[in-house]
Amino acid sequence: ILLATGRKAAVSGLGLDKAMVVSSQRGISINRECRTSNPRVWAAGDCCDNGGDMSSHYAGWQAFVATRSALLPWFLRWGGDQPSIFTVVPRVVYTTPEVASCGLSEGLVRRFYGPPGKRWHRVRVEWSAQDRAVAEMDYEGSFVEVFVHNSGRVLGGTIVSNRAGEMISEVAIAVNLRLLVKDLAMTLHPYPSYSFSVHKAWVEAATINLMSNLSSGIFAKIGMKLLGSG
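Because the structure is a prediction, the values reported are computed rather than measured.

## Remarks on the overall build of the protein chain
Then, number 1: Broken down by element type, the protein chain carries six helices and seven strands.
Then, number 2: For the protein chain, the proportion of its 230 residues judged to be buried stands at 37%.
Then, number 3: When contacts within the protein chain are restricted to residue pairs at least 6 apart in sequence, those whose partners lie at least 24 apart make up 51%.

So this is what it looks like as structure tokens:
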């Protein structure tokens, strides 16, 4: 039985109003540096209004951002680059199998870019085609699915596997750094490993992206010639 009641920030009774710190039922309001409405107060973790994300790794990241922002001057922060709490947050449900995702969900991709096939495409690799998973009888119901823009940029992805929590980091890096699938496909992955399925997804996505761009270019040239001849 799975009972998901949710949780919320417990910030009442802390005297935040006396400290001039703005909060609501959702938690303490913070900016991208984890600074509150009081410029001398920072907050991090589940007490903040994080849009519903209360994962421990996101809280840890916020603590890093808050500490760095509070203690270091801007010119000592990685050469002036300011990390932000608005980063790509991997989401993992530690069930059996695990379910992990990051970036845009398919629903959000459809909302922003329309149905698949025009501005983006979806690639799904089943674990039944994964040699390591088949050898270890660990493939039933498992897959990796990625959403890729026609430019080749990775928009998001989902992995269902007993190792999904370890494997989603590669997708998160791709989304966060706006990497292209052609570069990911050219990165050698060890075989036989579970991450090789992620590589297969990159290769298939890069192939689809290449063929789509080639066909668009060919039809564009044909159209220009027809217009020119007319």
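## Regarding the sheet that holds strand β6 (residues 143-149)
Then, number 1: An order of β3-β4-β7-β6-β5 is seen for the five strands of this open sheet, with the pairing classed as antiparallel. Edge positions in the sheet fall to β3 (91-93) and β5 (120-126), since each of these pairs with one other strand and no more. Strand-to-strand, the axes of this sheet are offset by a mean angle of 10 degrees, without reference to chain direction.
Then, number 2: Inspection of the sheet shows β5 paired to β6 by seven bridges, in the antiparallel sense. Bridging from a neighbouring strand, His121 pairs with Val148 of β6.

## With respect to the pattern of salt bridges
Then, number 1: As enumerated under the stated definition, the model contains nine salt bridges in all.
Then, number 2: Between Glu106 and Arg110 there is a salt bridge, with its nearest N and O atoms 3.2 Å apart. On the criterion of helical spacing, the pair formed by Glu106 and Arg110 is a turn pair, its members being four residues apart in helix α2 (residues 106-113).
Then, number 3: Residue classification places Glu106 among the partly exposed positions, given a relative accessible area of 22%.
Then, number 4: The partly exposed category is assigned to Arg110, whose relative accessible area is 38%.
Then, number 5: Between Glu136 and Arg163 there is a salt bridge whose closest N-O contact spans 3.7 Å.

## Section: unusual backbone geometry
Then, number 1: With omega at 0 degrees, the peptide bond leading from Thr96 into Pro97 counts as cis.
Then, number 2: For Pro97, the location among the structural elements is in the loop between β3 and β4 (98-103).
Then, number 3: Cis geometry is found at the peptide bond from Tyr191 to Pro192, where omega equals -5 degrees.
Then, number 4: Mapped onto the elements of the fold, Pro192 is located in the loop between α5 (181-185) and α6 (195-229).
Then, number 5: Positioned with a positive phi, Met20 is a non-glycine residue whose angle comes to about 60 degrees.
Then, number 6: Mapped onto the elements, Met20 comes out in the segment before β1 (23-24).

## Points about the nonpolar core
Then, number 1: Counting residues in hydrophobic clusters, the biggest one holds 28 residues, and the most contacted among them are Val144, Ile159 and Trp202.
Then, number 2: Looking at this core, the elements with two or more residues in it are β4, β5, β6, β7 (154-161), α4 (164-176), α5 and α6.
Then, number 3: Setting aside residues no more than four positions away along its own chain, Trp202 makes contact with Val146, Val154, Glu170, Val171, Ala174, Val181, Leu184, Ala185 and His189.
Then, number 4: The next biggest cluster of nonpolar side chains, apart from the first, holds 11 residues, and it includes Val21, Ile28, Cys34 and Ala43.

Parameters and conventions
Residues numbered from 1 in each chain as written. Predicted model: local features only at pLDDT ≥ 70, side-chain atom pairs only at ≥ 80, totals over all residues. Heavy atoms only, no water. Helix = DSSP H or I, 4+ residues; strand = E, 2+ residues; numbered from the N terminus. Buried < 20%, exposed > 50% of the residue type's maximum accessible area, 1.4 Å probe, protein only. Contact = heavy atoms within 4.5 Å. Pairing = 2+ DSSP bridges. Axes fitted to C-alpha atoms, helices over the stretch in contact; angles between N-to-C directions. Salt bridge = Lys/Arg side-chain N within 4 Å of Asp/Glu carboxyl O. Core = buried A, V, L, I, M, F, W, Y, C linked by side-chain atoms within 4.5 Å.

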